[in-house]
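Below, each chain spelled out in residue letters.
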Amino acid sequence: MTGIVLVGPLAGLEDGLRRRLIEDGYALDTVRGHVRLLSELSLWLVERKLGAVDLSDAVIGRFVADRRVTGLRIGRSVRALAPILSLLAVERIITSLSSSGPSTWQEVLLDQYGAFLEGERGVSAGTLKHYRRCARLFLDQAGDSEDCVSRLEAGKVTAYVMDWARRREGGRPDMVTLPALRSFLRFLHVAGHIPHPLVGAVPAGRGHPGRHDVPRAAAAGDIQAVLNACDRQTAIGSRDYAIVLSLTRLALRGGEVAKIRLEDIDWHAGQVAVRGKGSRLDLIPLPADVGEAWAQYLLTARPRTTATTLFITAKAPFTGLSVSAVTQVLGRICTRAGVAAFGPHRVRHAAACGLLQAGASMDEVGQLLRHTQQRTTAIYAKVDQQRLSSLARACPQAVAR
């Protein structure tokens, strides 16, 4: 992997870049391409009499723009420079780009809201991103000046929701976004930005037609077809089988599967620590078949990487899976198995409903799902029609007069 000699302000960094990329699982040709790109960036800086300290969003933008103009096929976007910029940040040659701090009052407020969600509410990274996005959309409509927040009224909040709902397909509020807006309004009051609580001004959304609180479980036959569609003789098939089996047998959420770390598994005790909602950490039994699937993946299919999560991406850089990646994995296997696509939550519902049909109590179902409140588990009682019908009383016959 020699032959590329760096000159200029970035000289001497090539070995560190090679080492990082190889540890991340990149192919040697890809590593060589990134080192060459680092060399070309260093030479570009020399030609413009710039140093490493001059690197900024604007400078990087000019570099990739120049490459596009000259017709080069590699390094035509900031994303292509991500490994190089990451190395420069780790070596403290540059600070993280686009990290100069909030520049507007909206950004300041959103940063405060984000800290509130993380510190006080303990939300996940995905929820934090979604809630911040909803709050930003609301602020964009609230007004241009900072005092527009303190002048918020219930009528304005309701009008915003109704206007936004009218612009949506079908004219219905999004049942996921309304809680985010309520959360932001709750923060504004608690933090003293508005004098009165306005959470009640957010109208209750109507569900989609035909959608009720009854969980929609994936069919047992479809889940088995998905498991059978995983080719365990391949690296990806071994991983995918272990993921689907984890969802099926442990009734985990997609994010909980993605968050499993190697240190969470106690092989001797047959237990695994699950990182759930609200920063909860639950210790649950590890079924033998799930443990065998995990062991096969670790021993024969998992790429060499410094990542600490159990499940890893199939292509370099080898990092932990995101929540959406687990859903995408399941969707691809559904297509391959020839069944209608379903997500991790419907597999979770299937596990709970199967336990109910086997005669388990609501408390036992709640323990499987790790619910903190019984009313959440009570939703599953609606799907057990046979057991509910035994409680129904016969309609009394009318008496002739």
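What counts and what doesn't
Residues numbered from 1 in each chain as written. Predicted model: local features only at pLDDT ≥ 70, side-chain atom pairs only at ≥ 80, totals over all residues. Heavy atoms only, no water. Helix = DSSP H or I, 4+ residues; strand = E, 2+ residues; numbered from the N terminus. Expected span 1.5 Å × (residues − 1). Buried < 20%, exposed > 50% of the residue type's maximum accessible area, 1.4 Å probe, protein only. Contact = heavy atoms within 4.5 Å. Arc of directions from axis to C-beta. Polar contact = N/O pair within 3.5 Å; in protein donor to acceptor, adjacent residues only side chain to side chain. Pairing = 2+ DSSP bridges. Salt bridge = Lys/Arg side-chain N within 4 Å of Asp/Glu carboxyl O. Phe/Tyr/Trp six-rings, centres within 6.5 Å; stacked < 30°, edge-to-face > 60°. Core = buried A, V, L, I, M, F, W, Y, C linked by side-chain atoms within 4.5 Å. pLDDT = per-residue confidence, 0-100.

K.L.:
Mind showing me how you'd approach helix α5 (residues 105–121) here?
P.N.:
Since the α-helix turns once every 3.6 residues, residues separated by three or four places project in the same direction. With 17 residues, α5 extends 23 Å from end C-alpha to end C-alpha; this agrees with the ideal 24 Å at 1.5 Å per step. For α5, the complete set of buried residues consists of Trp105, Gln106, Leu109, Leu110, Tyr113, Gly114, Phe116 and Leu117. Among the structural elements, α6 (125–142), α7 (147–150) and α9 (177–190) are those in contact with the buried residues of α5.

K.L.:
I would appreciate a short explanation of helix α16 (residues 362–369) in the present structure.
P.N.:
Looking only at α16, the buried set comprises Val365, Gly366 and Leu369. One face of α16 carries all of its buried residues, which in axial projection span an arc of 100°. Buried-residue contacts for α16 involve α15 (344–357) and α17 (374–377). Two residues or fewer past α16, Arg370 is found with a positive phi of approximately 60°.

K.L.:
Where do I start with the side chain of Glu256 in this structure?
P.N.:
By secondary structure assignment, the location of Glu256 is in helix α12 (residues 254–259). By relative accessible area, Glu256 is classed as buried at 3%. Engagement of the side chain of Glu256 in a polar contact is seen with the side chain of Arg253, the distance being 2.5 Å. Leaving out residues up to four positions away in the same chain, Glu256 has contacts with Val274, Arg275, Gly276, Lys277, Arg348 and Arg370.

K.L.:
Teacher, can you tell me more about the pairing of strand β2 (residues 271–275) here?
P.N.:
Examined bridge by bridge, strand β1 (residues 265–266) and β2 share two bridges and lie antiparallel to one another. Considered in β2, the bridge of Asp266 is made with Gln271. Counting the residues that bridge the hairpin from β1 to β2 gives four residues, and of these Gly270 lies at a positive phi of roughly 65°. Sheet topology note: the β2/strand β3 (residues 281–285) ladder contains five bridges and is antiparallel.

K.L.:
How do you make sense of the pattern of salt bridges when you look at a structure like this?
P.N.:
Under the definition given, this model contains 15 salt bridges. For the salt bridge of Arg48 with Glu47, the shortest nitrogen-to-oxygen distance reads 3.4 Å. Residue Glu256 pairs with Arg253 through a salt bridge whose shortest N-O separation is 2.5 Å. When salt bridges that share partners are traced, they join Glu107, Asp111, Arg132 and Arg136 into one network.

K.L.:
I'm lost on the packing of aromatic side chains in this one. Help?
P.N.:
Both the distance between ring centres and the angle between the ring planes are used here to describe each pair of aromatic rings. Per the counting criterion, the structure on display carries nine aromatic pairs. Taken together, a centroid distance of 5.4 Å and an interplanar angle of 70° make the contact between Trp44 and Phe63 edge-to-face. Taken together, the residues span a long stretch of sequence, with Trp44 in helix α2 (residues 28–47) and Phe63 in helix α3 (residues 57–69) at a distance of 19 residues. Looking at Trp44, the relative accessible area reads 7%, which means it is buried. With 6.2 Å between their ring centres and 75° between their planes, Phe138 and Phe184 make a pair best called edge-to-face. Placement of the pair is Phe138 in helix α6 and Phe184 in helix α9, with a sequence separation of 46 residues. For Phe138, a relative accessible area of 3% translates into the label buried. On the accessibility criterion, Phe184 (0% relative accessible area) is buried. Every member of this aromatic cluster is reached through a ring pair, and the members are Tyr113, Phe116, Phe138, Tyr160, Phe184 and Phe187.

K.L.:
What is the right way to look at the environment of Ile94 in this model?
P.N.:
Position of Ile94 among the secondary structure elements: in the loop between α4 (82–90) and α5. A residue is classified by how much of its surface remains accessible, and Ile94, at 7% relative accessible area, is buried. Separated by 40 residues in sequence, Ile94 and Asp54 place their C-alpha atoms 8.5 Å apart. What Ile94 contacts, discounting residues up to four positions off in sequence, is Ala52, Leu55, Leu85, Leu88 and Ala89.

K.L.:
Looking at this structure, how should I read the nonpolar core?
P.N.:
Generally speaking, soluble globular proteins have nonpolar side chains that are buried together. In this structure, Val226, Ile243, Val272, Trp294, Phe311 and Phe342 are the most contacted members of the largest nonpolar core, which totals 42 residues. No other element matches helix α11 (residues 235–250), which puts seven residues into this core. Once residues within four sequence positions are removed from consideration, Phe342 is found in contact with Ala218, Asp222, Ile223, Val226, Leu330, Cys334 and Val347. Of all hydrophobic cores here, the second largest spans 30 residues; its members include Phe116, Cys134, Val149 and Phe187.

K.L.:
I keep staring at the sheet that holds β1 and nothing clicks. Help me out?
P.N.:
Two pairing modes exist for strands in a sheet, parallel and antiparallel, and in both the strands are linked by backbone hydrogen bonds. Taken together, three strands build an open sheet; the order of strands is β1-β2-β3 and the sheet is antiparallel. Bordering the open sheet on either side are β1 and β3, each of which pairs with just one other strand.

K.L.:
Got a minute to help me understand the environment of Ala229 in this structure?
P.N.:
With respect to the helices and strands, the residue Ala229 is situated in the loop between α10 (220–228) and α11. For the pair Ala229 and Asp240, spaced 11 residues apart in the sequence, the C-alpha separation amounts to 9.6 Å. Setting aside chain neighbours within four positions, we find Ala229 in contact with Ile333, Arg336 and Ala337.

K.L.:
Looking at this structure, how should I read the confidence of the model for the chain?
P.N.:
Low pLDDT marks stretches whose predicted atomic positions should not be read closely. Per-residue pLDDT for the chain has a mean of 82; in total, 86% of the residues score no lower than 70. Below pLDDT 50 for its whole length, residues 207–213 participates in six contacts with residues either more than four positions away or in separate chains.

K.L.:
Quick question: what am I supposed to make of unusual backbone geometry here?
P.N.:
In terms of backbone geometry, most residues other than glycine have negative phi values and most peptide bonds are trans. Across the junction of Ala316 and Pro317, the peptide omega takes the value 0°, indicating a cis bond. Inspection of the secondary structure puts Pro317 in the loop between α13 (288–300) and α14 (323–337). Located in the positive-phi region is Ala251, a residue other than glycine, with phi close to 55°. Mapped onto the elements, Ala251 comes out in the loop between α11 and α12. With a phi angle near 60°, Arg370 is a residue other than glycine that sits in the positive phi range. Relative to the helices and strands, Arg370 resides in the loop between α16 and α17.

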